[in-house]
Amino acid sequence: MTSDALHRHTLPQTKGGLYLTDGGLETYLVFDEGIELPCFASFPLLDQAKGHDLLSAYFARYMKIAADSGLGFVLDTATWRANTDWAAKLDYDAANLARINRAAVTFAASLRANLANAGKPVVISAVIGPRGDGYVAGAEMSVAEARAYHAAQVDVFAETAADMVSAITMTNVPEALGIVEAAKAKNMPVVVSFTVETDGRLPSGVALKDAIAAVDKATGNYPAYFMVNCAHPTHFQHVLDGAWVARIGGIRANASAKSHAELDASTSLDNGDPHELGAQYRDLRRLLPRATVLGGCCGTDHRHVAAICHSCAA
């Protein structure tokens, strides 16, 4: 399905059925492929021929799982770190940063055109990560500051074949709000994915329920849906109760049950048990009937996503 045929306000994953996405891209590249990723950033790979090959092979494996299962696919761009602060550490100025964000969508569009998915939709999701560390809240920006900061990336994405913007691993409400407002100004569908600590609260201390409510209230329910990522199912399953959970449309959990602090200090990868994670996703979907987008985060790879697919698609 081409971007032109995909109306920006009728994302197919909101209409029912299951959609897969990928796993923990950066942890896979570092620990499984032995690739050095300064600042944990994958976007510089788009400037390397070898990087293109690595990313193509990586996503092809996940899209085959979706195709073999007759499911749609949400194809994320490798731009989680492609914002001004992180890019500056990697010697990308504003012009080169805009170029690489455009290139990331062009690369995703090429994958969509060349990798068969059994006629099911492939949705290009332009990823925006936090300004700071995804594991800690750090100093919060105001909503206005967050909107101005992230608009640089949103504005580039709005001019590409991207079908939506995804704010991934959000640690606090003001930054999430700023991204949603920037997307709304460009008439771009947007999804907000919060991360939580082992108590089910955002690193900023806000309850997941309250964070979702705050973004919805301030933006007139503009996000297409919300997600939870970079947390193990045992960290947030206990808070999933009430009508508000209908706003959660996707899950990208970690393979490990360790806390963010423990993962940050780890020198080896804890990739858990793929089959156990698949069963935990099945349990989560009983609590989250509208969670149609399923994938992984830190420590997960194609084995985890295949197990999740098997458990949930059945």
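Above this text is the structure in question.
Residues numbered from 1 in each chain as written. Predicted model: local features only at pLDDT ≥ 70, side-chain atom pairs only at ≥ 80, totals over all residues. Heavy atoms only, no water.

*Asks:* Tell me about the side chain of T27, and name the residues and values.
*Replies:* Positionally, T27 belongs in helix α1 (residues 25-32). Using a relative accessible area of 8% as the deciding quantity, one classes T27 as buried. Of the polar contacts made by the side chain of T27, one reaches the backbone oxygen of G24; its length is 3.1 Å. Setting aside anything within four residues of it in sequence, one finds T27 in contact with D32, F40, L269, C297, C298 and G299. (Helix = DSSP H or I, 4+ residues; strand = E, 2+ residues; numbered from the N terminus. Buried < 20%, exposed > 50% of the residue type's maximum accessible area, 1.4 Å probe, protein only. Polar contact = N/O pair within 3.5 Å; in protein donor to acceptor, adjacent residues only side chain to side chain. Contact = heavy atoms within 4.5 Å.)

*Asks:* Lay out the pairing of strand β2 (residues 72-76) in plain terms, naming residues and giving numbers.
*Replies:* Most of β2 is tucked away: 5 of the 5 residues are buried. Covered by surrounding structure in β2 are G72, V74 and D76 together with F73 and L75, the residues of both alternating faces. Note that β2 and strand β3 (residues 122-128) share 4 bridges and pair parallel. The residue of β3 that forms the bridge with D76 is S125. (Pairing = 2+ DSSP bridges.)

*Asks:* Mind laying out helix α4 (residues 94-114), listing which residues take part and the relevant values?
*Replies:* Between the first and last C-alpha of α4 there are 30 Å, a value that for 21 residues agrees with the 30 Å anticipated at 1.5 Å per step. For α4, every residue scored as buried is listed here: L97, A98, I100, N101, A104, V105, F107, A108, L111 and R112. Tucked inside the fold, the buried residues of α4 contact α2 (49-69), β2, α3 (84-89), β3 and α5 (143-157). (Expected span 1.5 Å × (residues − 1).)

*Asks:* Kindly report on the environment of L45, identifying the contributing residues and their values.
*Replies:* Its place among the elements puts L45 in the loop between α1 and α2. Its relative accessible area of 5% is what places L45 among the buried residues. Filtering out sequence-adjacent residues up to four positions away, L45 remains in contact with L29, I35, L37, G51, H52 and L55.

*Asks:* Tell me about the packing of aromatic side chains, and name the residues and values.
*Replies:* If you walk through the whole model with that rule in mind, you get 6 aromatic pairs. Ring geometry for Y28 against Y58: centres 5.5 Å apart, planes inclined by 40°, an arrangement best described as tilted. Placement of the pair is Y28 in helix α1 and Y58 in helix α2, with a sequence separation of 30 residues. For Y28, a relative accessible area of 10% corresponds to the buried category. Classification of Y58 as buried rests on a relative accessible area of 4%. With centroids separated by 6.3 Å and ring planes inclined at 10°, the aromatic side chains of F194 and F226 adopt a geometry described as stacked. Placement of the pair is F194 in strand β5 (residues 190-194) and F226 in strand β6 (residues 225-229), with a sequence separation of 32 residues. Here the two residues F194 and F226 agree in accessibility, since each one is buried. Within the aromatic cluster, the residues linked to one another by ring pairs are Y28, Y58, F59 and Y62. Just above the ring of W86 sits the side chain of R81; from NZ or CZ to the centre is 3.7 Å. Positioned above the aromatic ring of W86, the side-chain terminus of K89 is 5.8 Å from the ring centre. (Phe/Tyr/Trp six-rings, centres within 6.5 Å; stacked < 30°, edge-to-face > 60°. Lys NZ or Arg CZ within 6 Å of the ring centre and 35° of its normal.)

*Asks:* How would you summarise the side chain of T171 if you had to cite specific residues and measurements?
*Replies:* Structurally, T171 is set in the loop between β4 (164-170) and α6 (173-185). For T171, a relative accessible area of 1% corresponds to the buried category. The contacts of T171, once residues within four sequence positions are left out, are D133, G134, V136, A137, T195, L202, P203 and S204.

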